[in-house]
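Each chain is listed here by its residues.
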Amino acid sequence: MTSFREPNREEIYSKNSIEFLTVTNEFCKFLESIDKYRKAETFTFLQRILPLIYLKATLLPDVDIIDDTMDLSPLTEEEYNKINENLSTKFGKDDKYWDIDNQRNFVKEDSIIQISLSEMLSDIYQETKNFVEIFQHGKSDAKQSILFQCRTNFENEWGNKLLSALKVIHSLSYFDIDVKIDV
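Note that the coordinates shown come from a computational prediction; the quantities given were computed from them, not determined experimentally.

1. Digging into the overall build of the protein chain
Here's step 1: Counting its regular elements, the protein chain contains six helices and two strands.
Here's step 2: Traced from its N-terminal end to its C-terminal end, the protein chain shows the element sequence α-α-α-α-β-β-α-α.
Here's step 3: Relative to its full complement of 183 residues, the protein chain shows a buried share of 48%.
Here's step 4: Taking all contacts inside the protein chain whose residues are at least 6 apart in sequence as the whole, residues at least 24 apart take part in 77%.
Here's step 5: A total of about 10100 Å² of accessible surface is found on the protein chain, and carbon and sulfur atoms cover 51% of it.

Following this line, the structure appears as structure tokens:
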């Protein structure tokens, strides 16, 4: 459904939107150049930036969608797969972990599933990269729509993925001899 309202420029260009853009842009640029960093440097960066992304996402303005037929996914499948593969290679044996399925409202015997850290981070990358691209290059109505989509998807999907990934990164950073935090 398309709305004929004008985009709310005050909310689109709010301090919170710009700060979210800044933090997520740094996250995306880092993942795009992951091969330049050692495993420990990667975990250090992720341990520090993921809480910022979470915080900034909670502060995104609550806007209405302007056009729900607009394509808000500039990231290609090939780009996603490249990030996922690079992360999986970087994490090696630390890529897979067991966690509780966050999609369920209660814990049952079969709620524990194996998860890929690289896939979780790639999903977060996909959401944030789409946001960065549209926010930097789109028109006001696209920017407001991506704000709506990013906030909604954070609340319903990738916020839990971020928290799950951060929990694993914390454990690996402090309890894994191979991955000690760089200070």
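2. A few points about the pattern of salt bridges
Here's step 1: According to the stated counting rule, one finds 11 salt bridges in the structure shown.
Here's step 2: Here Glu32 and Lys129 are joined by a salt bridge, their closest N and O atoms 2.8 Å apart. Of this pair, Glu32 sits in helix H2 (residues 15-32) while Lys129 sits in helix H5 (residues 117-137), and the two are 97 residues apart along the sequence.
Here's step 3: Lys129 sits in the buried class, given a relative accessible area of 14%.
Here's step 4: With a closest N to O distance of 3.1 Å, Arg151 and Glu155 form a salt bridge. Here Arg151 and its partner Glu155 are both found in helix H6 (residues 140-175), four residues apart, which amounts to about one turn of the helix.

3. A few points about the side chain of Arg151
Here's step 1: Residue classification places Arg151 among the buried residues on the basis of a relative accessible area of 19%.
Here's step 2: Looking at Arg151, its side chain comes within polar contact range of the main-chain oxygen of Leu60, at 2.3 Å.

4. Considerations on the side chain of Asp95
Here's step 1: Within the secondary structure layout, Asp95 lies in the loop between helix H4 (77-91) and strand E1 (96-100).
Here's step 2: Despite its burial, Asp95 pairs with no opposite charge; the closest candidate is Lys96, at 4.3 Å N-O.
Here's step 3: Leaving out residues up to four positions away in the same chain, Asp95 has contacts with Ser88, Ile115, Ser116, Leu117 and Ser118.

5. Topic: the nonpolar core
Here's step 1: Judged by nonpolar contacts, the single largest core of 46 residues is most densely connected at Phe27, Leu31, Leu50, Ile53, Leu117, Leu121 and Trp158.
Here's step 2: Other than its neighbours up to four places away in sequence, Leu121 contacts Phe27, Leu31, Leu46, Leu50, Leu87, Phe91 and Ala165.

6. Quick look at H6
Here's step 1: Across its 36 residues, H6 extends only 46 Å between first and last C-alpha, which sits more than 12% below the 52 Å expected from 1.5 Å per residue.
Here's step 2: If you look at H6, its biggest bend is around 65 degrees, right at Phe154.

7. Some details on the confidence of the model for the protein chain
Here's step 1: When pLDDT is averaged along the protein chain, the result is 88; 86% of the residues meet or exceed 70.
Here's step 2: Mean pLDDT per element in the protein chain: E1 is the minimum at 77, and H2 is the maximum at 98.

8. A closer look at the packing of aromatic side chains
Here's step 1: Summed over the entire model, instances satisfying the criterion amount to nine aromatic pairs.
Here's step 2: Their ring planes at 65 degrees and their centres at 5.0 Å tell us that Phe154 and Trp158 sit as a pair that is edge-to-face. Taken together, the residues Phe154 and Trp158, both in helix H6 and four residues apart, mark about one turn of the helix. Considered together, Phe154 and Trp158 belong to a single accessibility category, that of buried residues.
Here's step 3: Chaining the aromatic ring pairs together yields one cluster made of Tyr13, Phe20, Tyr54, Phe131, Phe135, Phe154 and Trp158.
Here's step 4: Above the face of the Phe135 ring, Lys143 is positioned so that its terminal group lies 5.7 Å from the ring centre.

Quick notes on the rules
- Residues numbered from 1 in each chain as written.
- Predicted model: local features only at pLDDT ≥ 70, side-chain atom pairs only at ≥ 80, totals over all residues.
- Heavy atoms only, no water.
- Helix = DSSP H or I, 4+ residues; strand = E, 2+ residues; numbered from the N terminus.
- Buried < 20%, exposed > 50% of the residue type's maximum accessible area, 1.4 Å probe, protein only.
- Contact = heavy atoms within 4.5 Å.
- Areas by Shrake-Rupley, 256 points an atom, 1.4 Å probe, with all protein chains shown as cover.
- Salt bridge = Lys/Arg side-chain N within 4 Å of Asp/Glu carboxyl O.
- Polar contact = N/O pair within 3.5 Å; in protein donor to acceptor, adjacent residues only side chain to side chain.
- Lys, Arg positive; Asp, Glu negative; His and termini not counted.
- Core = buried A, V, L, I, M, F, W, Y, C linked by side-chain atoms within 4.5 Å.
- Expected span 1.5 Å × (residues − 1).
- Bend = angle between axes of the 7 residues up to and from the residue.
- pLDDT = per-residue confidence, 0-100.
- Phe/Tyr/Trp six-rings, centres within 6.5 Å; stacked < 30°, edge-to-face > 60°.
- Lys NZ or Arg CZ within 6 Å of the ring centre and 35° of its normal.

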